[in-house]
Amino acid sequence: MTEEVNEPNERLDFIRQIVADDRASGKWDKRTHTRFPPEPNGYLHIGHAKSICLNFGIAAEFGGKCNLRFDDTNPCKEEQEYVDSITDDVKWLGWDFGDEPLFASDYFQQMYDWAVDLIKKGKAYVCDLTAEETRDYRGTLKEPGKNSPCRDRSPEENLDLFTRMKNGEFPDGSRTLKAKIDMASPNINLRDPVMYRILHAHHHRAGDGWCVYPMYDWAHGLEDSIEGITHSICTLEFENHRPLYDWFLDALDIYHPQQIEFARLNLTYTVMSKRKLLELVKDNHVSGWDDPRMPTLSGLRRRGFSPEAIRAFCKIISVNKFNSTIDYALLEHCLRQHLNKTSPRVMAVLDPLKVVITNYPEGQTDELDAVNNPEDESAGTRKVPFSKVLYIEREDFMEEPPKKFFRLAPGREVRLRYAYFITCTDVIKDDAGNIVELHCTYDPETRGGDAPDGRRVKATLHWVSDEHALDAEVRLYDHLFTLENPDNVEEGTHFTENINPDSLKVLTGCKIEPSVKDATSLDRFQFERIGYFCTDKDSEPEKLVFNKTVGLKDTWAKVQKQQQKKK
RNA sequence: UGGGGUAUAGUGUAACGGUAGCACGACUGACUCUGGAUCAGUUAGUUGGGGUUCGAAUCCCUGUACCCCAGCCA
């Protein structure tokens, strides 16, 4: 007996409820077998993660299995590059699909044989109508279609024609194999749907062995049946296809899984359709499928998202049957929650302002103890070097501080984290009046960050020692679109018109503490008081590059906004 | 009346005839060597209208709104 991992008290979504009920009733011999069946014609995105976590999650929770199966039935749109990226993404998310993914193209012969069965049963026929004629014969949403003149061909003739289709005797588009169902059905999918089309095309896996390729509706249930899938979970737009899914399996009288539909994921401030994502890439609105602003899994990975965060997100959003749009802030919440627990802290100054500690000895260096992660004691501590010339964040100083600004200002004392209390004594400006340097004094008694006399400061600043600092490039990101729902634009407006012009900001000359010297690609950090960052794939030891994953919550920024509103 | 679906705070999501709960967001406050984290609190909801019932988000009737379908795409 396999152990049920689902806690009995945990509320089940409607799909898990079906699975649980089926197990209770013994419907599938206590088996649970799902599948994630992407077409390899693009990169996976966060919406796919919802489906992946659903299918693999159910399998894991109920002691079943989940297949990664490529639905590669259309050679014109599919490429090996996509197979590879999809496989990598599913692995990265942390799901186990056995040694190798499965491919629908491996079932082509079996599908062909079944099509022959249907022809023999008089349930399928070869049709000579062109694509355009087929459309005319299909009728409209409100009017029935009419029968194809080829509909009453004998099984023998159909068999002969279908064999010759397969043998490559006919040009592309000249004939199709159709299911003989009902041209007057109110469900258009049932009006003699095409099962096979002629395509003299090279298949990325099957090579040139085939010139007839199965259509989705014909192929998909067969694939599920072959693999012994119990619950075939797909998105809402396939609800209308379910009767056809069932019809084929019944006509063939073979093992018959249950198709269940759920609503796909929508997220604010981004687009999720493959077409639009492809356009963003092709027209260079982003640098590629893995641009850190993209909602693709490769983009999120490069941005610094952890698989744990994405899985937590997918769990929390649950599944349902109606279209909803999830607030991007919820994704960020899941991200921060995981990153906060796991990211080593580091001090980095993005917009450096030079600070000279006038009473600190020239040439001297202090090694101060810093906590690597206050949320995780086992992460330990590290040494951070302190010296006479330092950098602080430019926005951490104001010559004329407004109310509620607690940071450094002339005459004010603050703490440098893990180091000393300092007091600003002089503000040095260039001829144009720009602040170029601050002179401060430090209190040696406060070494480590605490004053023996118990005096308090209102702010603690992060800082980096000039002499020891590493230079880095830091890339800041914002939403790719300015609109909450970039899909929903006025007619005549193209969705790319709402791309956020400030979605990428590149900072150079940032100063980072020396401990990150050996950071490698995708290492994640928290830059204290700023946000979570990861090393980019462009990063090299000689030229560090970091991506901002997500900012820390920033109450000062909120206060500032409110103050600006008042003015 | 083409057919198929769906409606619960700003956004998501529970409640399966018996106190409308949770999370995110927003707003207070406490604490803090990250204006982080944490903790406490406030805010706000059953698509409209009828019924059945001691009792309805839930059952019935009837409106309304939104989504999907006329690829030889998936």
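Residues numbered from 1 in each chain as written. Chains lettered and ligands numbered in written order. Predicted model: local features only at pLDDT ≥ 70, side-chain atom pairs only at ≥ 80, totals over all residues. Heavy atoms only, no water.

Caption draft 1: Local environment of the overall build of chain A. Broken down by element type, chain A carries 13 helices and 27 strands. Looking at the 567 residues of chain A, the share that counts as buried comes to 53%. Sequence-distant contacts, at least 24 apart, represent 71% of the contacts inside chain A between residues at least 6 apart. Roughly 26,800 Å² of accessible area belongs to chain A as shown, and the carbon and sulfur atoms make up 46% of that amount. Positive and negative side-chain charges in chain A, numbering 76 and 97 respectively, have mean positions lying 4 Å apart. (Helix = DSSP H or I, 4+ residues; strand = E, 2+ residues; numbered from the N terminus. Buried < 20%, exposed > 50% of the residue type's maximum accessible area, 1.4 Å probe, protein only. Contact = heavy atoms within 4.5 Å. Areas by Shrake-Rupley, 256 points an atom, 1.4 Å probe, with all protein chains shown as cover. Lys, Arg positive; Asp, Glu negative; His and termini not counted. Charge placed at Lys NZ, Arg CZ, Asp CG, Glu CD.)

Caption draft 2: Representation of the pattern of salt bridges within the structure. Summed over the entire model, instances satisfying the criterion amount to 43 salt bridges. For E61, the salt bridge goes to R16, with nearest N and O atoms at 2.7 Å. Of the two residues, E61 is situated in helix 2 (residues 46–61) and R16 in helix 1 (residues 14–25); the sequence distance between them amounts to 45 residues. The pair E61 / R16 is uniform in exposure class, with both members buried. (Salt bridge = Lys/Arg side-chain N within 4 Å of Asp/Glu carboxyl O.)

Caption draft 3: Representation of the packing of helix 1 against helix 2 within the structure. The geometry of helix 1 relative to helix 2 is characterised by a closest axis approach of 11 Å and an angle of 35 degrees between their N-to-C directions. When you trace helix 1 past helix 2, the crossing you get is right-handed. Residues I15, R16 and V19 of helix 1 pack against L54, G57, I58 and E61 of helix 2. (Axes fitted to C-alpha atoms, helices over the stretch in contact; angles between N-to-C directions. Left-handed = near helix turned anticlockwise from the far one by under 90°.)

Caption draft 4: Spatial organisation of the protein's contact with RNA strand B. Of all residues adjacent to RNA strand B, which total 70 residues, the nearest are R11, R345, R407, R415 and G448. A breakdown of the atoms of RNA strand B within 4 Å of the protein gives sugar and phosphate a share of 67%. Contacts to RNA strand B include N320, whose side-chain N or O atom sits 3.2 Å from a phosphate oxygen. K558 has a polar side-chain atom sitting 3.3 Å from a phosphate oxygen of RNA strand B. Counting only elements with at least two residues in the surface near RNA strand B, the list comes to helix 5 (131–138), strand 6 (194–198), helix 11 (307–317), strand 11 (325–326), helix 12 (328–342) and helix 13 (555–566). In the surface near RNA strand B, the residues fall into 22 nonpolar, 23 polar and 25 charged. (Near = heavy atom within 4 Å. Polar contact = N/O pair within 3.5 Å; in protein donor to acceptor, adjacent residues only side chain to side chain. Nonpolar A, V, L, I, M, F, W, Y, C, P; charged D, E, K, R; others polar.)

Caption draft 5: Summary view of the sheet that holds strand 6. The four strands lie next to each other as 4-5-6-7, forming an open sheet whose pairing is antiparallel. The outermost strands of the open sheet, each flanked by one partner alone, are strand 4 (124–127) and strand 7 (212–214). Pairwise comparison of adjacent strand axes, ignoring direction, gives a mean angle of 20 degrees for this sheet. Strand direction decides the pairing type here: strand 6 and strand 7, joined by three bridges, are antiparallel. Counterpart to R197 in the pairing with strand 7 is Y213. Helix-sheet contacts for helix 6 (residues 155–166) involve strand 4, strand 5 (176–179), strand 6 and strand 7, and the interaxial angle to strand 4 is about 60 degrees. (Pairing = 2+ DSSP bridges.)

Caption draft 6: Representation of the sheet that holds strand 26 (residues 531–535). Spatial strand order, 12-25-26-27-23-24-13: seven strands in an open sheet with mixed pairing. In the strand order of this sheet, the two ends are held by strand 12 (345–346) and strand 13 (348–349), each with one partner. Pairing of strand 13 with strand 24 (residues 504–512), which is carried by two bridges, proceeds in the antiparallel orientation. Of the residues in strand 24, the one forming a bridge with A348 is I512. Against the sheet, helix 12 makes contact with strand 12, strand 25 (524–527), strand 26 and strand 27 (544–551), and its axis sits at roughly 120 degrees relative to strand 27, the strand it touches most.

Caption draft 7: Structural detail: the confidence of the model for chain A. Residues of chain A with pLDDT of at least 70 account for 98%, and the chain-wide mean is 96. Of the regions scoring below 50 in pLDDT, residues 1–8 engages in 14 contacts with residues more than four places distant in sequence or in other chains. (pLDDT = per-residue confidence, 0-100.)

Caption draft 8: Region of the structure containing the environment of F481. If you trace the backbone, F481 turns up in the loop between strand 23 (470–477) and strand 24. C-alpha separation for the pair F481 and D502, spaced 21 residues apart in sequence, amounts to 9.4 Å. The residues contacting F481, other than those within four sequence positions of it, are Y269, T270, V271, L280, P486, F495, N498, I499 and N500.

Caption draft 9: Region of the structure containing the packing of aromatic side chains. For the coordinates displayed, the defined rule picks out 24 aromatic pairs. Between the aromatic rings of Y112 and F162, the centroid separation amounts to 4.8 Å while the plane-to-plane angle is 20 degrees, which identifies the pairing as stacked. Within this pair, whereas Y112 is found in helix 4 (residues 108–120), its partner F162 is found in helix 6, the two being separated by 50 residues in sequence. Assessed through its relative accessible area of 7%, Y112 is described here as buried. Judged by its relative accessible area of 0%, F162 falls in the buried class. Put simply, the rings of F108, Y112, F162, Y196, W210, Y213, W218, W247 and F248 pair up and form one aromatic cluster. Taking the ring centre of W92 as reference, the NZ or CZ of R301 above it sits at 5.2 Å. Directly above the aromatic system of W95 lies the positively charged group of R311, at a separation of 5.8 Å from the ring centroid. (Phe/Tyr/Trp six-rings, centres within 6.5 Å; stacked < 30°, edge-to-face > 60°. Lys NZ or Arg CZ within 6 Å of the ring centre and 35° of its normal.)

Caption draft 10: Fine view of the environment of P374. Mapped onto the secondary structure, P374 falls in the loop between strand 15 (366–371) and strand 16 (381–386). Remark: the alpha-carbon pair of P374 and H45, spanning 329 residues in sequence, is separated by 33 Å.

Caption draft 11: Expanded view of the packing of helix 4 against helix 6. Put simply, helix 4 and helix 6 touch, their axes get as near as 9 Å, and they point 160 degrees apart. Put simply, helix 4 runs roughly antiparallel to helix 6. The handedness of the crossing between helix 4 and helix 6 comes out as right-handed. Across the interface between the two elements, Y112, A115, V116, I119 and K120 from helix 4 touch P155, N158, L159, F162, T163 and K166 from helix 6. (Parallel < 35°, antiparallel > 145°, perpendicular 65-115°, else oblique.)

Caption draft 12: Region of interest: the pairing of strand 17 (residues 389–393). For strand 17, the buried fraction is high: four of the five residues fall into the buried class. Pairing between strand 14 (residues 352–357) and strand 17: five bridges, direction antiparallel. When the bridges of strand 17 are listed, V356 appears paired with V389. Sheet topology places strand 17 next to strand 22 (residues 463–465); three bridges connect them, and they run antiparallel. Within strand 22, the position partnered with I392 by the bridge is W463.

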